[in-house]
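# Secondary and tertiary structure notes
The primary structure of each chain is shown beneath.
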Amino acid sequence: MKKEAKADSAHICGYVNATEKKSKPVITPRGRVLEVIEPKAFERAIAKAYNITVNVDHDNSRIYASTKDGTLTVYEDAIGLYADVLITDKALINLALSGKIKGWSLGMRNVVDEIEPSASGLPVRHIKALDLDHITLLVDKLPAYSATSVEFRYSSKCEDPMMEYRKELQQIKQRKPKI
């Protein structure tokens, strides 16, 4: 996830979820499992979605961006689900600037899945199709998928790093912006 800070907005972009990567153990309607989102599942979900929204910690009482109003762009590529969000809420901008955003998550429904037994004890739930309800920035919750990362950026194209925070590395790297 990349975050670009301006005086009145924060530009946040990055991978919400990588396809073909196992989640941490999660509780689902099928019980406790490891989840794997199959390639093209996000692409199909985006194609049929009327509007995908962005909230914080899965709280739908406050919507910060949406595909309908043009403040959220999402697509699936060879890595996974990519999101590009323009945030204008001052409190959320301050959370982003202070490094409080831990990653991303997503809300899904109408899941088509297949369960695979696993020698490790937890079955693997392969998600073949889904409806994408929302994307959420995680502040007080932890990501179920470890393939999420947070980066700060200066430019409008989410390039030229100012500061990078990768959740899976648990460290901060300082970088000089390119001029």
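Residues numbered from 1 in each chain as written. Predicted model: local features only at pLDDT ≥ 70, side-chain atom pairs only at ≥ 80, totals over all residues. Heavy atoms only, no water.

This part is about the nonpolar core. Ranked by internal contacts, the top residues of the largest apolar core, which has 31 residues, are L72, I87 and I135. Within the residue set of this core, elements represented by two or more residues are β2 (10-18), α1 (41-48), β5 (53-56), β7 (72-76), β8 (80-87), α2 (90-97), β9 (103-116) and β10 (124-138). Ranked by residue count, the leading element in this core is β10, at five residues. For I135, the residues in contact, after removing those within four places along its chain, are V16, I52, T53, V54, N55, L72, V74, L81, A83, W104, S105 and L106. (Core = buried A, V, L, I, M, F, W, Y, C linked by side-chain atoms within 4.5 Å. Buried < 20%, exposed > 50% of the residue type's maximum accessible area, 1.4 Å probe, protein only. Helix = DSSP H or I, 4+ residues; strand = E, 2+ residues; numbered from the N terminus. Contact = heavy atoms within 4.5 Å.)

The next thing to look at is the packing of aromatic side chains. Considering all chains together, one arrives at two aromatic pairs under this definition. Ring plane angle 75° and centroid distance 5.1 Å describe the contact between Y15 and Y82, whose orientation is recorded as edge-to-face. Residue Y15 is found in strand β2, and its partner Y82 is found in strand β8; the two are separated by 67 residues along the sequence. For Y82, a relative accessible area of 12% translates into the label buried. These aromatic residues form a ring-pair network of at least three members: Y15, Y75 and Y82. The ring of Y64 has R62 lying over it, and the distance from NZ or CZ to the ring centre is 4.4 Å. (Phe/Tyr/Trp six-rings, centres within 6.5 Å; stacked < 30°, edge-to-face > 60°. Lys NZ or Arg CZ within 6 Å of the ring centre and 35° of its normal.)

So, on to α2. Listed in full, the buried residues belonging to α2 are L92, I93 and A96. Looking straight down α2, one finds that the buried residues subtend no more than 105° of arc, so they occupy a single side. Where α2 begins, the side chain of D89 points an oxygen toward the backbone nitrogen of A91, at a separation of 3.2 Å. Among the residues trailing α2, G99 stands out with phi positive, at a value near 75°. (Arc of directions from axis to C-beta. Polar contact = N/O pair within 3.5 Å; in protein donor to acceptor, adjacent residues only side chain to side chain.)

On their own, these measurements won't tell you what the molecule is for.
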